[in-house]
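Topology and contacts: notes
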Amino acid sequence: MGKDTKDSYLVGLIGSGIGPSLSPALHEREADRQGLRYLYRLIDIDTLRVPPQAVGDLVRSARDLGFDGLNITHPCKQLVIEHLDALAPQAEALGAVNTVVFEDGRAVGHNTDVTGFAASFARGLPDVPLERIVQLGAGGAGAAVAHAMLTLGAERVTVVDALSDRAADLAASLNRHFGEGRAVGATPDALRTLTGGADGLVHATPTGMAAHPGLPLPAELLHPGLWVAEVVYRPLETELLRAARELGCATLDGGGMAVFQAADAFRLFTGREPDSTRMLADITELTELAERAGAVGSPS
């Protein structure tokens, strides 16, 4: 039976501290509108009291129990790779998986973070200059976003991370994939010089989430000629975006990435085309409800 001929799906999310995740609601709302029976389960390694290295056992159990697929989030996106049968090219290039599809007994890894950010950026900041980009954060989200920016045509991305080795390693990986000189690593002490000459700033750290409030860099380093793109989506208006908008910067919140990566995963799981416009309305409503309820946690 082909995916698009089924009307019932069982999927899940594996990660740490994922109780407040909006992924179940995003997926299930869209499935309801398409007349599907769609159950999205949270598989929280903290609740199960197992280490991240248990992700392989959890993936095998989900496959044996008849799941159609899984989303994977922090801290399991790299660890899951060795437990999969195949990788899509995007996931292989990135070295991280956030979506696993079960087909014919095989577990195939994909990465929809890259495509999700790229689609959000192209929609929200379509005409901004892309010559010199400064990116804060070289972790899992940072790797996906940097790949997306270079795929979109950024000439040079400077990856800034407090862990200099992590920034350098990501830059080296990007250069191997996109060509020498397209990326460089740096530490926060270089930010004043970097932002002064940059076209845009991409933020890909947890700072600004409800559980990690604050600004990821001094506000005085922002300037009106700088566009600012955010990965955090809870809240949709982070302190960084608020400060940037007050200066008149063009901005992009993290809601679009959350929606488009979920839409791409929904398509992989079901073979059906999601309505991303409806899902963008969902994310606004869901984040407002979560903020009113005071929920905090993973941005998955």
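Residues numbered from 1 in each chain as written. Predicted model: local features only at pLDDT ≥ 70, side-chain atom pairs only at ≥ 80, totals over all residues. Heavy atoms only, no water.

Considerations on the overall build of the protein chain
Within the protein chain one finds 11 helices and 12 strands. Against the 2.2 N^0.38 benchmark of 19 Å for 300 residues, the protein chain shows a C-alpha radius of gyration of 19 Å, consistent with a compact globule. For the protein chain, with 300 residues in total, the buried portion stands at 51%. Long-range contacts, defined as pairs at least 24 residues apart, comprise 71% of the intrachain contacts of the protein chain with a sequence gap of at least 6. When the accessible surface of the protein chain is totalled, it reaches about 12700 Å², and 50% of it is carbon and sulfur. (Helix = DSSP H or I, 4+ residues; strand = E, 2+ residues; numbered from the N terminus. Rg over C-alpha atoms; globule rule 2.2 N^0.38 Å. Buried < 20%, exposed > 50% of the residue type's maximum accessible area, 1.4 Å probe, protein only. Contact = heavy atoms within 4.5 Å. Areas by Shrake-Rupley, 256 points an atom, 1.4 Å probe, with all protein chains shown as cover.)

Details of the pattern of salt bridges
Under the criterion given, the structure shown has 17 salt bridges. As a salt-bridge pair, Glu237 and Arg242 come within 3.2 Å of each other at their nearest N and O atoms. For Glu237, a relative accessible area of 34% translates into the label partly exposed. For Arg242, a relative accessible area of 36% translates into the label partly exposed. For Glu273, the salt bridge identified is with Arg267, shortest N-O distance 2.9 Å. Glu273 sits in the exposed class, given a relative accessible area of 54%. (Salt bridge = Lys/Arg side-chain N within 4 Å of Asp/Glu carboxyl O.)

A closer look at the sheet that holds strand 11 (residues 227-230)
Ordered in space as 9-8-7-10-11-12, the 6 strands form an open sheet in which the pairing is parallel. Lying at the two open borders of the sheet, with one neighbouring strand each, are strand 9 (183-186) and strand 12 (251-252). Where strand 10 (residues 200-203) meets strand 11, 4 bridges bridge the pair, whose relative direction is parallel. Note on strand 11: the bridge partner recorded for Val202 is Ala229. Contacts between helix 7 (residues 164-178) and the sheet are confined to strand 7 (132-136), strand 8 (156-160) and strand 9, with strand 9 contributing the most and set at about 180° to the helix. (Pairing = 2+ DSSP bridges. Axes fitted to C-alpha atoms, helices over the stretch in contact; angles between N-to-C directions.)

Brief notes about the nonpolar core
Note that soluble globular proteins tend to have their nonpolar side chains buried in a common cluster. Counting 34 residues, the largest nonpolar core has Phe117, Phe121, Met149 and Trp227 as its most contacted members. For this core, the elements supplying multiple residues, two or more each, are helix 5 (112-124), helix 6 (140-151), strand 8, helix 7 and strand 11. Once you skip the residues sitting within four places of it in the chain, Trp227 turns out to touch Phe121, Leu125, Val128, Pro129, Leu130, Ile133, Met149, Asp199, Gly200, Leu201, Val202 and Ala250. The next biggest cluster of nonpolar side chains, apart from the first, holds 18 residues, and it includes Ile45, Cys76, Val80 and Ala107. (Core = buried A, V, L, I, M, F, W, Y, C linked by side-chain atoms within 4.5 Å.)

Description of unusual backbone geometry
In terms of backbone geometry, most residues other than glycine have negative phi values and most peptide bonds are trans. At the junction of His74 and Pro75, the peptide bond is cis and its omega measures out at 5° in the coordinates. With respect to the helices and strands, the residue Pro75 is situated in the loop between strand 3 (69-72) and strand 4 (86-87). Phi at Arg49 is positive, roughly 60°, even though this residue is not glycine. Structurally, Arg49 is set in the loop between helix 2 (45-48) and helix 3 (55-64).

Let's talk about the side chain of Asn98
Structurally, Asn98 is set in the loop between helix 4 (89-94) and strand 5 (99-103). Separated by 3.1 Å, the side chains of Asn98 and Asp113 make a polar contact. Ignoring anything within four residues of it in the chain, the contact list for Asn98 reads Leu70, Asn71, Ile72, Lys77, His110, Asn111, Thr112, Asp113 and Gln261. (Polar contact = N/O pair within 3.5 Å; in protein donor to acceptor, adjacent residues only side chain to side chain.)

These values are about where atoms sit, not about what they do.
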